[in-house]
4 protein chains.
Amino acid sequence: MKLSFGMVGGGNGAFIGNVHRRGACADELAVLKAGCFTRNPEKNRETAAAWNVSDLSRVYGSYQEMAEAESSREDGIDFVSIVTPTDTHYEIAKCFLNHGIHVVCDKPICINTAQGLELQKIAEEKGLAFGVTYTYASYAVIRQAREMIDRGEIGEIINIIAEYPQDWLIVSTVAKKSDQALWRLDPVRAGGSACCADIGTHLEALISQMTGLKLESVLARFTPYKNSPLEHDIQVLMNYEGNVPGMMWASQIATGSDCGVRIRVYGDKGSLEWRHTRPMELLYAPLNEPVRILTANKEYCYDACTQQCRLPAGHPEGFYEAFANVYRAFCCDLLARKGQTVPDGLRYPTVADGIAGLRFTEACMRSAQDGNVWVVVS
Amino acid sequence: MKLSFGMVGGGNGAFIGNVHRRGACADELAVLKAGCFTRNPEKNRETAAAWNVSDLSRVYGSYQEMAEAESSREDGIDFVSIVTPTDTHYEIAKCFLNHGIHVVCDKPICINTAQGLELQKIAEEKGLAFGVTYTYASYAVIRQAREMIDRGEIGEIINIIAEYPQDWLIVSTVAKKSDQALWRLDPVRAGGSACCADIGTHLEALISQMTGLKLESVLARFTPYKNSPLEHDIQVLMNYEGNVPGMMWASQIATGSDCGVRIRVYGDKGSLEWRHTRPMELLYAPLNEPVRILTANKEYCYDACTQQCRLPAGHPEGFYEAFANVYRAFCCDLLARKGQTVPDGLRYPTVADGIAGLRFTEACMRSAQDGNVWVVVS
Amino acid sequence: MKLSFGMVGGGNGAFIGNVHRRGACADELAVLKAGCFTRNPEKNRETAAAWNVSDLSRVYGSYQEMAEAESSREDGIDFVSIVTPTDTHYEIAKCFLNHGIHVVCDKPICINTAQGLELQKIAEEKGLAFGVTYTYASYAVIRQAREMIDRGEIGEIINIIAEYPQDWLIVSTVAKKSDQALWRLDPVRAGGSACCADIGTHLEALISQMTGLKLESVLARFTPYKNSPLEHDIQVLMNYEGNVPGMMWASQIATGSDCGVRIRVYGDKGSLEWRHTRPMELLYAPLNEPVRILTANKEYCYDACTQQCRLPAGHPEGFYEAFANVYRAFCCDLLARKGQTVPDGLRYPTVADGIAGLRFTEACMRSAQDGNVWVVVS
Amino acid sequence: MKLSFGMVGGGNGAFIGNVHRRGACADELAVLKAGCFTRNPEKNRETAAAWNVSDLSRVYGSYQEMAEAESSREDGIDFVSIVTPTDTHYEIAKCFLNHGIHVVCDKPICINTAQGLELQKIAEEKGLAFGVTYTYASYAVIRQAREMIDRGEIGEIINIIAEYPQDWLIVSTVAKKSDQALWRLDPVRAGGSACCADIGTHLEALISQMTGLKLESVLARFTPYKNSPLEHDIQVLMNYEGNVPGMMWASQIATGSDCGVRIRVYGDKGSLEWRHTRPMELLYAPLNEPVRILTANKEYCYDACTQQCRLPAGHPEGFYEAFANVYRAFCCDLLARKGQTVPDGLRYPTVADGIAGLRFTEACMRSAQDGNVWVVVS
């Protein structure tokens, strides 16, 4: 039995909508059955046709209508994917939750922690799943890393260094181009933060999923690009539970960088390193031994890694598959709730991770505003 | 309007069947409507259900039955994907061609050149498209390379160095494991060649698609692994038109290698290099200038590259997308034949490339057998 | 005419003494003529013999005696290299300066800024040269980088990211080995700082020599390893003149790292990156163009780079040659003072850079102690 | 006690003369005492002065005079380094051997095998050492590789792939520049081969030193650049003892390459890879385990590797040190002959390796001339 799902957003050509859709469908666990892809009726229908929505009566003019109608049908959607700009997430997610429909929401899940906690409360009360696409930890070898950390293979963690340089903002600015992503620069729509909310939270989520450690406090410096009202470069000192220091740099103005996520976790018996530019590789340096290059889906990988792979070792998987891994874990959760047998041990980021991301951003904003002081991440 | 397609093979869990299916569906140009996925009826139906074949009456017990039935339907499939072992390709492809159905066939397209020429003849007579999944040239940056070569950016080509090391054969042998791929080691089913027919032809196809050059003669050495009746390592000297020397090494026993395709094309004004382990990058060394790392989907890329990309620069695409590019070009060809407007300049390997691969293999086999002498690739 | 020089320290087998000696002699500008290599008389003589000191009467039992005697000789040494532990630098350097002898001193030049300023004052009053072996900026391609920055090729600098991970401290601790370098862990001998004074200052010096920018303030976090009284990991936010943010991480406990110096300088028109693990390469990313890999001693390099090279491009030079470049520039300075014609534009770190290093360390120590607050680097 | 040595050649500014000199002196085992650096008397004296030859009466106008005089002195040189163009090696080496002086000669040691055998005969009769600077195997990690192979860590060797791409010939040709190295293109002076004799032999020597295997036969293709009378690109199939296949590519016209030596040795239990562009690293891929990056001078290295290192791990050594390793082993051999205790197990290429190089070149030349047929390397 397959799940059915709907989508809100995705109809205006932003690439991320299609990434969600392909991710949800990749493993044939779910079928797109409904949608409100855009407020433009024609584009809405076109998108539905392109994406094989078989019953056009399930293409809706508003998300409210969609939630209403789908929750009333016997064969209504099991879950909705929300891929609209950040400032609309809260209302849309709340609406579907209130209609008893599970939710996958792009990150950040909303504008502030208060909203996030409310969404969490509703999801809990209703017993609904709430997935968030903090995707990087779903690359197969990050699961390998987590398993190795859990087994003590790098000993006690003593340091975490993470970075995420991009240059799209400076490219766009110089090129004076219109850019789909420019809503991210609108202080209101973006929730008061550009770089931190957009990519800083990706790093924070990656760290916590990869290590299992909880963030306790931050000291952040925000730097705008020229006269921008928002920050486009963040440098953050972090404290994780157990007095583990961490350092993060994220930037939208790092000329020459695309999606250069890189994370290094140092333990007293070894270290692990992952780079998004070589996504299938994990570097493992046991103390006093040669560095080892682990690659995904080799026999020596743990199941937690292997079960995230779809192709034989040596065949590169990428961003689509990382996304698909989030959706697979989410769908398996829903299928398990329906009593089906599904693979064990799959994880996906939940509303709790979404809230952690908001708390991180808010703490960083406060730290930056107060002159780079330590702020507890409550 | 979307195309509909069927599949022969793919139902026994070999990964490549699903890669074909995902490739064909990736850009929403085609929908899987029919299939004969395996001779096991139960698995056949299960596969159809898993892969969203909506009408189970279009799941067939034999490919002959499928060709017959589909060619009789008004809404019959536009094309069939053939993903069975090599020795069955010829009969299956011939059957569908004779029923007027376009074909995509995995490589090698059949066992020998004579069969290949016959398939080509039928396709031509019937006016049918025949695609072959020599996939590596469909990575986006290989198209960038071809465009650069065509524009003279590396000058006159003076040398070509290509390699494809794998180690699965030695791994499987040592591990004494059953392995799906073991039919490739059966001299009969594999057409008398293991390494050359399986991966050597991939290199040959990559070279000719990347450079546009035609192979004229080869001198090949074949090395078996221990007592194998087939070769698992090939070293080939090549002559391309215009007296361009080339050298190729392919191996199934290169311990520690996965799918290490690497190609370097040297011109008198510059050189180009591509490695499958970093699939989104193309190295370009203009004479006497710094080496440049071109990455897919950047503004500086030519359209021929950019139109092969689905994600913003920096988001890794991989093997699935390379496959999807073959299918996209094939589907666009069919759509154009139906009068639809489609992107310009998309290319896919055809039956002619399939025949070139067979000729290459046969010439190498003869050279190896005759003591490593030059053999014309007729 | 060649310079003659002497050495204080180097006789107890520490590798750095020999690196200084080889550096000083590499380009045949100077000859070792005198020394006080160790307080052990036998080892002192053995070292002198091994290092070709031709006149054993110029092997001294104390540096004071050496300064006295050499300054009295007509053919006395032109300069002295001081390669002893940090806490002895001040007295030794002062002694030689007061005897009118030029000085090259290992870094840090002394224990605190007050001492440094005094050394600077004496050197200035006496008109003596004072070189410091902050070596990393003497790799050839760093000079290329500086020239590119000075010519505006990366535009206005907007960000600086630097790191220097090592793991020797954790290796030594775990292995419970005696280690020559352990004086660096003695709070008194090391001047109150381990990681910051030892390698953090290397990064600071590299940044200022590579960019030409002056450091204005720091916010530092110091982390000890387990119960050590000193810090072995530093994370520093920096402000350079013109509001340029910088970030630095240096560590002696980064398991799996050797001398992983890496610096990235971002401008609004391009960026530059250098890694000590690939010392002959400079990565240059012009905005919106492919990343370029510049290598040392190619025709496209600026003279400032090329004159730091000794071998044709493609022949790796390394740490010895970087050191030799410091000494070559220093010797050329002395030769120019003597009226000889020498290459133009050679630079070496001076006592001013040594003082900058001390100020950096002191500001970081204060910031760390005061709870990670901004401290002006006066 | 130190050895004393002289040099023939090196006075006309060719970089390799100074590399020999620095190599010979690097470890303070030998001192330059005599020379005939060039036939130009003034330059001869200048070179001697620059290189610290203390007694100018030992600067000679001809190598014959030098051999005569030095062999007559009580304190005459122990060995001579010959760094002149290839076609002069034979006469010079013979002269010094006949005067009872040990020899280090640049490669190729002479023009043909007959000459080489004669030199070998004289050296043996006189009981003299004869070193040849096939340098690449003296990089520290190549010794690590050899030790691992000897211990069976990669099992039985089943394949060898080697390459050495350069582009200096094409760069020089295009730039129409005078170039010191152009004697290498004169068929007479270069001994009838350009690429094969110059760099092909480097690969052959590297393979045999790294693996311990003996070459039995070759099949070679030679390609000239445009109208050159000599070959500038060679592609060679090789057979090593025990039916081990090998493949080699060397080129002087590989646009964009400097000294890109790369060697991969495949065994049935693992493989090893080394690249000159990352000279301190050895890649080791044990069958079915992650690839390991071994770096020089780490605790896990074998003594055979560690004793080739001068700096702590992480401090890059390069081409000078590889050369110095050849000289160190050679000097230790001489010192051992004088009864001094020296490190055990140091190896250097001898006249036998020089002859192997000549035989390799001659066999390749014959194979190329006869239409790419197998030729036994006698």
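Residues numbered from 1 in each chain as written. Chains lettered and ligands numbered in written order. Predicted model: local features only at pLDDT ≥ 70, side-chain atom pairs only at ≥ 80, totals over all residues. Heavy atoms only, no water.

Visitor: Any chance you could explain the overall build of chain A here in plain terms?
Guide: Along the backbone of chain A there are eleven helices and 14 strands. The globule rule puts the C-alpha radius of gyration for 378 residues at 21 Å, and the 20 Å found for chain A is close to it. Counting over 378 residues, chain A shows a buried share of 65%. With the model as given, the accessible surface of chain A reaches about 12800 Å², and the carbon-plus-sulfur share is 49%. Computing the positive centroid from 37 side-chain charges and the negative centroid from 45, chain A places the two 3 Å apart. (Helix = DSSP H or I, 4+ residues; strand = E, 2+ residues; numbered from the N terminus. Rg over C-alpha atoms; globule rule 2.2 N^0.38 Å. Buried < 20%, exposed > 50% of the residue type's maximum accessible area, 1.4 Å probe, protein only. Areas by Shrake-Rupley, 256 points an atom, 1.4 Å probe, with all protein chains shown as cover. Lys, Arg positive; Asp, Glu negative; His and termini not counted. Charge placed at Lys NZ, Arg CZ, Asp CG, Glu CD.)

Visitor: I keep staring at the relation of the copies chain C and chain D and nothing clicks. Help me out?
Guide: Each of the two chain copies goes to the other by way of a rotation about an axis and a shift along it. Between chain C and chain D, the superposition needs a rotation of 180° and an axial shift of 0.0 Å, giving an RMSD of 0.0 Å. What the rotation and shift describe, once combined, is the action of a two-fold rotation axis. Considering only C-alpha atoms, the part of chain C nearest the rotation axis is G318 of chain C, at 2.8 Å. Looking at chain C, 100% of its interface residues are interface residues in chain D too, so the copies touch through the same face. (Least-squares fit on C-alpha atoms with pLDDT ≥ 70 in both. Contact = heavy atoms within 4.5 Å.)

Visitor: Would you take a moment to explain the pattern of salt bridges for this structure?
Guide: Oppositely charged side chains can form a pair if their charged atoms are brought close together. According to the stated counting rule, one finds 96 salt bridges over all chains in the structure shown. Linked by salt bridges that have partners in common, R58, E70, R73 and D75 of chain A make up one network. (Salt bridge = Lys/Arg side-chain N within 4 Å of Asp/Glu carboxyl O.)

Visitor: Looking at this structure, how should I read the confidence of the model for chain A?
Guide: It should be kept in mind that the predicted coordinates are not to be read in detail where pLDDT is low. A residue-level look at chain A finds 97% of positions with pLDDT of 70 or above and a mean pLDDT of 94. Predicted complex, confidence summary: ipTM 0.95, pTM 0.96. (pLDDT = per-residue confidence, 0-100.)

Visitor: Could you clarify how one ought to interpret the side chain of D268 of chain C in this entry?
Guide: With respect to the helices and strands, the residue D268 of chain C is situated in the loop between β10 (262-267) and β11 (270-275). On the accessibility criterion, D268 of chain C (10% relative accessible area) is buried. A distance of 3.4 Å separates polar atoms of two side chains, one belonging to D268 of chain C and the other to K226 of chain A. Each residue touching D268 of chain C, except ones within four places of it in the same chain, is listed here: I170, Y225 and K226 of chain A together with I154, G155, E156, I158 and L287 of chain C. (Polar contact = N/O pair within 3.5 Å; in protein donor to acceptor, adjacent residues only side chain to side chain.)

Visitor: Explain helix α5 (residues 113-126) of chain B to me, please; I cannot follow it from the model alone.
Guide: Within an α-helix, residues lying three or four positions from one another point in the same direction, as the helix has 3.6 residues per turn. All names here are of chain B. For α5, which comprises 14 residues, the first-to-last C-alpha distance of 20 Å matches the rise-based estimate of 20 Å (1.5 Å per residue) to within 8%. By the burial criterion, the buried members of α5 are T113, Q115, G116, L119, Q120, I122 and A123. At the N-terminal boundary of α5, the capping side chain belongs to N112, with an oxygen 3.2 Å from the backbone nitrogen of A114. Immediately downstream of α5, the backbone of G127 shows phi near 70°, a positive value. (Expected span 1.5 Å × (residues − 1).)

Visitor: Where do I start with the sheet that holds strand β4 (residues 102-105) of chain D in this structure?
Guide: Each strand in a sheet pairs with its neighbour through backbone hydrogen bonds, running either in the same direction (parallel) or in the opposite one (antiparallel). All names here are of chain D. Strand order in the open sheet formed by five strands is β2-β1-β3-β4-β5, with parallel pairing between adjacent strands. Of all strands in the sheet, those bounded by a partner on one side alone are β2 (30-36) and β5 (130-132). Pairs of neighbouring strands in the sheet enclose a mean axial angle of 25°, with direction left out of account. Judged from the six bridges that link them, strand β1 (residues 3-8) and β2 form a sheet pairing that is parallel. By the bridge assignment for β2, F5 is matched with L32. (Pairing = 2+ DSSP bridges. Axes fitted to C-alpha atoms, helices over the stretch in contact; angles between N-to-C directions.)

Visitor: In this structure, what is going on with the interface of chain D and chain B? I would like to understand it.
Guide: If you look at the interface, chain D gives 42 residues, while chain B gives 42 residues. Here chain D meets chain B over a buried area of about 3200 Å², counting both sides, of which 60% is carbon and sulfur. Viewed at the interface, chain B and chain D are joined by six salt bridges. Close ionic contact of E163 of chain B with R262 of chain D constitutes a salt bridge, the shortest N to O distance being 3.9 Å. The tally of links from chain D across to chain B stands at 20 residue pairs in polar contact (both at pLDDT 80 or more). (Buried area = accessible area lost by both parts, 1.4 Å probe.)

Visitor: Help me understand the interface of chain C and chain D, please; the structure alone is not making it clear to me.
Guide: Size of an interface: often given as the accessible area lost when the parts come together. Listed per partner, the contact involves 35 residues of chain C and 35 residues of chain D. Approximately 2900 Å² of surface area, both sides summed, lies buried where chain C meets chain D, with 50% of it carried by carbon and sulfur atoms. When the area that chain C buries against chain D is broken down by residue, the three leading residues are D258, P316 and Y320 of chain C, summing to 18%. Viewed at the interface, chain D and chain C are joined by six salt bridges. One salt bridge in this structure joins D258 of chain D and K298 of chain C, with 2.7 Å as the shortest N-O distance. At four residues, the largest contribution of residues to the side of chain C that touches chain D is made by helix α1 (residues 15-25) of chain C.

Visitor: Explain the packing of α1 of chain C against helix α10 (residues 319-337) of chain C here, please?
Guide: All names here are of chain C. Taken N-terminus to C-terminus, the directions of α1 and α10 make an angle of 60°; their axes are 8 Å apart at the nearest point. Between α1 and α10, the angle is such that the two are oblique. In the packing of α1 onto α10, the handedness of the crossing is right-handed. Judged by residue contacts, F15, I16, V19, H20, R22, G23 and A24 of α1 engage F319, Y320, F323, A324 and Y327 from α10. Residues that form the contact of α1 with α10 fall into these classes: nine nonpolar, two polar and one charged. (Parallel < 35°, antiparallel > 145°, perpendicular 65-115°, else oblique. Left-handed = near helix turned anticlockwise from the far one by under 90°. Nonpolar A, V, L, I, M, F, W, Y, C, P; charged D, E, K, R; others polar.)

Visitor: What should I look at first to understand the side chain of E231 of chain C in this one?
Guide: Residue and element names in this part refer to chain C. One can find E231 in strand β8 (residues 231-240). Among buried charged residues, E231 stands out as having no salt bridge; its nearest opposite-charge side chain is K107, 11 Å away. Of the polar contacts made by the side chain of E231, one reaches the backbone nitrogen of A194; its length is 3.2 Å. A distance of 2.7 Å separates the side chain of E231 from the backbone nitrogen of C196, its partner in a polar contact.

Visitor: What am I meant to see in the packing of aromatic side chains here?
Guide: Here the distance between the centres and the angle between the planes together describe a pair of aromatic rings. In total, this model carries 40 aromatic pairs over all chains according to the counting rule given. Pairing F79 of chain A with Y327 of chain A gives two aromatic rings, centres 6.2 Å apart and planes at 35°, and the pair type is tilted. Placement of F79 of chain A in strand β3 (residues 79-82) and of Y327 of chain A in helix α10 (residues 319-337) is noted, with a sequence separation of 248 residues between them. Per residue, the accessibility class of F79 of chain A equals that of Y327 of chain A, and both read buried. Each ring, one from F319 of chain D and one from F323 of chain D, has its centre 5.6 Å from the other, and the planes form 55°; the classification is tilted. On the criterion of helical spacing, the pair formed by F319 of chain D and F323 of chain D is a turn pair, its members being four residues apart in helix α10 (residues 319-337). The structure contains a cluster of three or more aromatic residues connected by ring pairs, namely F5, F79, Y327, F330 and Y348 of chain A. Lying over the aromatic face of Y302 of chain B, R151 of chain B brings its terminal NZ or CZ to 3.9 Å of the ring centre. (Phe/Tyr/Trp six-rings, centres within 6.5 Å; stacked < 30°, edge-to-face > 60°. Lys NZ or Arg CZ within 6 Å of the ring centre and 35° of its normal.)

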